[in-house]
Amino acid sequence: MALPAFAARALGPPLQPEQGAPARTTCPRRHSRVEAELAASRPGSVAASVRAGPPRGVSLGFNSPPLQDKPPKTFSSLAGALRAPLFALLPRGRRRRMHDLRRRWDLGSLCRALLTRGLAAVGHSLKHVLSAIFSKIFGPLASVGNMDEKSNKLLLALVMLFLFAVIVLQYVCPGTECQLLRLQAFSSPVPDPYRSEDESSARFVPRYNFSRGDLLRKVDFDIKGDDLIVFLHIQKTGGTTFGRHLVRNIQLEQPCECRVGQKKCTCHRPGKRETWLFSRFSTGWSCGLHADWTELTSCVPAVVDGKRDARLRPSSKDRWGSSNFNSGANSPSSTKPRSTTKSGKNFHYITILRDPVSRYLSEWRHVQRGATWKASLHVCDGRPPTSEELPSCYTGDDWSGCPLKEFMDCPYNLANNRQVRMLSDLTLVGCYNLSVMPEKQRNKVLLESAKSNLKHMAFFGLTEFQRKTQYLFEKTFNMNFISPFTQYNTTRASSVEINEEIQKRIEGLNFLDMELYSYAKDLFLQRYQFMRQKEHQDARRKRQEQRKFLKGRFLQTHFQSQSQSQGQSQGQSQGQSQGPGQNLSQNPNPNPNQNLTQNLSQNLTQSSNPNLTQRENHGSQKQGSGQEQSDSSTSNGTNDYIGSVETWR
């Protein structure tokens, strides 16, 4: 292929073979290859300059000039002339890819060079810093300017170890909230398992003043005797879960027998066919579905006495006699039940409360699914309410599918202030007859009655504090659960999204329950704090008593061994100076350590009884001089040893 005219002019006359070069052969390809090799071997030839290329470490673009001395203009124009037609023969896409590839290669080389120089500079600076630290630590063993080979190896090992630790930490703990980096876990004490479950402040500020008798709840529950736990189950307060804990999750000498497929369990006393628990899962709804305080206090004594259910009758006929309660006053026909006052030794009432707004929404969702509680008796003053006293909010078989607005608009809805009504004595306000007294006075009487009954109950818990509820029940009845309670923060009520206006309206409909729950929460948390403090004080007192006992035992054994060694030394000295017959006549007591042991016991008892100490000191003044010396030596030894023990502590 012929070269263009401008390329021929740039090349000039053809190169002539040098002297001594081989003659032209008949093979044009071989001859041209030999001529090319000879031209490349010349130091100033064009082929040598083109073949040499840029120096190592320097990258040149297509049109970038070399960093060395610029060659003559003829050579540069020749290289461009040779490269242009060859580059033009390639397709356009291939030319573009080659251009991009060369440009990327140039940028990559530049970045690698910069990174290499940067790492070298950082390593040099780090080496100086580490050498300075090394010189400060090891002093004359190393110098900043001149370090021996061992120091360099040590610095390199430290750097490699640091980098390895950083890489491992990034793999083990990639996030910022790494558990391994929380140093407080190593310094802080073990967290309290009964911490605040509603994420409130750790320190509780009480609002009500309660006496020690109101806060101290410790029932001497005799499961083998006549005591009975009565569970007042309020709707949608978590009573079903707590009731299952009572029959399935409690440590007993004779556990409850719960069969598969049956809701009720058999909870008998050890060695007897009597129940110790009156609840839904042990005796069923013997006093009606979700019986309230008024119904239970009238019904439970009659049921236990066998007037309504012979299966719960005690083995002895007079077990629930007049010494415990007046059966006539506690009959279902009585107007004011007195079972709580005269049968407090046997009937221990318990219940569970819940936040009123959450409980109200949960009951609404339950009614939406078809719940009616039509089987509830609502017996008060010996009779159930009439349809005029307690109208129904719906006309069909149930109220399923009702919206929340319709549920709130019914003025006869029993969901309003249900917890106050379930815990108060309804006979004080004429039961369900609203015409007995004004509404304001009725609400006040109901609230005060509910607070009083709740405060005098043996135990009550809160749904929002499951672990604290478990703790207080165990401390109250001295009965332990097998597995801990679980706090469920996600419920059907929590899934209901309501705005602020609807929430305020629900609080207005349940204003009595709101005040009762505030009172109950304050009393509950104060009881919890009181019981925890009492537990810590008892544990501290027990440790002190054990420490005193061990100290006394150790002192006694120490001085007994010391007195034995002194008696042996005295006996040997007296045996050398006197005969055996004279020794026995002067010391009729065969045990020479008895007096010293008695003195030691007297010294130990004097610390606990100062009056006795004065009398014994007055009597000890009449003893002989030898006895006084032994007593003084023993007391001095005891005091010195006690002082050394206190110093060690």
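Residues numbered from 1 in each chain as written. Predicted model: local features only at pLDDT ≥ 70, side-chain atom pairs only at ≥ 80, totals over all residues. Heavy atoms only, no water.

- By the naming in an unreviewed UniProt entry, the protein chain is Heparan-sulfate 6-O-sulfotransferase, taken from Rattus norvegicus.
- Quoted verbatim from the Subcellular location (unreviewed entry) field of UniProt, the annotation for the protein chain is "Membrane".
- The UniProt entry for the protein chain carries the following comment under Sequence similarities (unreviewed entry): "Belongs to the sulfotransferase 6 family." (UniProt positions renumbered as here; feature names shortened; annotations may be inferred.)

### Observations regarding the overall build of the protein chain
Here comes step 1: When helices and strands are counted, the protein chain shows 22 helices and 4 strands.
Here comes step 2: A fraction of 70% describes how many contacts in the protein chain between residues 6 or more apart in sequence connect residues 24 or more apart. (Helix = DSSP H or I, 4+ residues; strand = E, 2+ residues; numbered from the N terminus. Contact = heavy atoms within 4.5 Å.)

### A few points about the side chain of T294
Here comes step 1: Considering the arrangement of structural elements, one finds T294 in helix α10 (residues 293-304).
Here comes step 2: Within the structure, T294 has its side chain in polar contact with the backbone oxygen of S424 (distance 3.3 Å).
Here comes step 3: Dropping the residues within four chain positions of it, T294 is found in contact with V379, C380, S424, D425, L426 and T427. (Polar contact = N/O pair within 3.5 Å; in protein donor to acceptor, adjacent residues only side chain to side chain.)

### Some details on the pattern of salt bridges
Here comes step 1: On inspection of all chains with the given rule, the structure shows 13 salt bridges.
Here comes step 2: The salt bridge involving K405 is made with D409; its shortest N-O contact spans 3.0 Å. Of this pair, K405 and D409 are both found in helix α13 (residues 404-409), 4 residues apart, which corresponds to roughly one turn of the helix.
Here comes step 3: Its relative accessible area of 55% is what places K405 among the exposed residues.
Here comes step 4: Judged by its relative accessible area of 36%, D409 is partly exposed. (Salt bridge = Lys/Arg side-chain N within 4 Å of Asp/Glu carboxyl O. Buried < 20%, exposed > 50% of the residue type's maximum accessible area, 1.4 Å probe, protein only.)

### As for the packing of aromatic side chains
What describes a pair of aromatic rings is the distance from one ring centre to the other and the angle between the planes of the rings.
Here comes step 1: Tallied over the entire structure, the rule returns 20 aromatic pairs.
Here comes step 2: Taken together, a centroid distance of 5.4 Å and an interplanar angle of 35° make the contact between W399 and F407 tilted.
Here comes step 3: With relative accessibility at 7%, the residue W399 sits in the buried group.
Here comes step 4: For F407, a relative accessible area of 1% corresponds to the buried category.
Here comes step 5: Here the aromatic residues F221, F231, F242, W276, F459, F473, F477, F481 and F485 are joined through ring pairs into a cluster of three or more.
Here comes step 6: Over the ring of W373 we find R418; its NZ or CZ atom is 5.6 Å from the centre of that ring.
Here comes step 7: Positioned over the ring face of Y471 is R532, at 5.5 Å from the centre of the ring. (Phe/Tyr/Trp six-rings, centres within 6.5 Å; stacked < 30°, edge-to-face > 60°. Lys NZ or Arg CZ within 6 Å of the ring centre and 35° of its normal.)

### Thoughts on the sheet that holds strand β3 (residues 347-353)
Here comes step 1: Pairing in this open sheet of 4 strands is parallel, and the strands run β2-β1-β3-β4 from one edge to the other. Whereas interior strands pair on both sides, the edge strands pair on one side only; in this sheet they are β2 (277-278) and β4 (459-462).
Here comes step 2: Bridge count for strand β1 (residues 228-232) against β3 is 5 bridges, and the pairing is parallel. Across the sheet, the residue bridging to F231 is I350, located in β3.
Here comes step 3: Across the sheet, α10 is in contact with β1, β2 and β3; its angle to β1 comes to roughly 145°. (Pairing = 2+ DSSP bridges. Axes fitted to C-alpha atoms, helices over the stretch in contact; angles between N-to-C directions.)

### With respect to the packing of helix α12 (residues 356-368) against helix α17 (residues 500-509)
Here comes step 1: Interhelical geometry of α12 versus α17 gives an angle of 95° and a closest axis separation of 10 Å. What the angle tells us is that α12 and α17 run roughly perpendicular. Listed contacts from α17 to V357, Y360 and L361 of α12 are Q503, I506, E507 and L509.
Here comes step 2: Taken together, the residues that form the contact of α12 with α17 break down as 5 nonpolar, 1 polar and 1 charged. (Parallel < 35°, antiparallel > 145°, perpendicular 65-115°, else oblique. Nonpolar A, V, L, I, M, F, W, Y, C, P; charged D, E, K, R; others polar.)

### Observations concerning a nonpolar patch on the surface
Here comes step 1: Residues L156, M160, F162, L163 and V166 make up a contiguous nonpolar surface patch of about 500 Å² in total accessible area.
Here comes step 2: Residue position: M160 is located in helix α6 (residues 149-172). (Patch = residues over 30% accessible without salt bridge, like charges linked within 9 Å, V, L, I, M, F, W, Y side chains within 5 Å. Areas by Shrake-Rupley, 256 points an atom, 1.4 Å probe, with all protein chains shown as cover.)

### Points about the environment of I229
Here comes step 1: Secondary-structure assignment places I229 in strand β1.
Here comes step 2: Judged by its relative accessible area of 0%, I229 falls in the buried class.
Here comes step 3: Taking C-alpha positions, I229 is 8.1 Å from N346, a pair spaced 117 residues apart along the chain.

### Observations concerning the side chain of R359
Here comes step 1: Counting through the fold element by element, R359 comes out in helix α12.
Here comes step 2: Residue classification places R359 among the buried residues on the basis of a relative accessible area of 0%.
Here comes step 3: Once you skip the residues sitting within four places of it in the chain, R359 turns out to touch Q235, K236, T237, R354, A415, R418 and Q419.

### Topic: helix α9 (residues 239-248)
Here comes step 1: G239, F242, G243, H245, L246 and V247 are the residues of α9 that are buried.
Here comes step 2: Contacts from the buried residues of α9 go to β1, β2, β3, β4 and α16 (466-477).

### Points about the environment of Q470
Here comes step 1: The residue Q470 is located in helix α16 in this model.
Here comes step 2: The contact partners of Q470, leaving out residues within four places of it in the chain, are F481, S483, P484 and F485.

### Quick look at the confidence of the model for the protein chain
Here comes step 1: Looking at the protein chain, pLDDT values average 73 and 59% of them are 70 or higher.
Here comes step 2: Ignoring residues within four places in sequence, the model shows residues 46-52, a span with pLDDT below 50, making 8 contacts including any to other chains.
Here comes step 3: This stretch, residues 604-649, has a pLDDT under 50; its non-local contacts, to residues over four places away or in other chains, come to 30 contacts. (pLDDT = per-residue confidence, 0-100.)

### Notes on the state of the cysteines
Here comes step 1: Summed over all chains, the structure comprises 5 disulfides.
Here comes step 2: Sulfur-sulfur distance for the disulfide between C258 and C265 comes to 2.1 Å. Every disulfide takes its handedness from the sign of the S-S torsion; for C258 and C265 that torsion is 115°, giving right-handed.
Here comes step 3: Overall, the relative accessible area of 26% leaves C258 in the partly exposed class.
Here comes step 4: Between C402, a cysteine without a disulfide, and C393, which holds the nearest cysteine sulfur, the sulfur-to-sulfur distance is 9.3 Å.
Here comes step 5: With relative accessibility at 3%, the residue C402 sits in the buried group. (Disulfide = S-S within 2.5 Å.)

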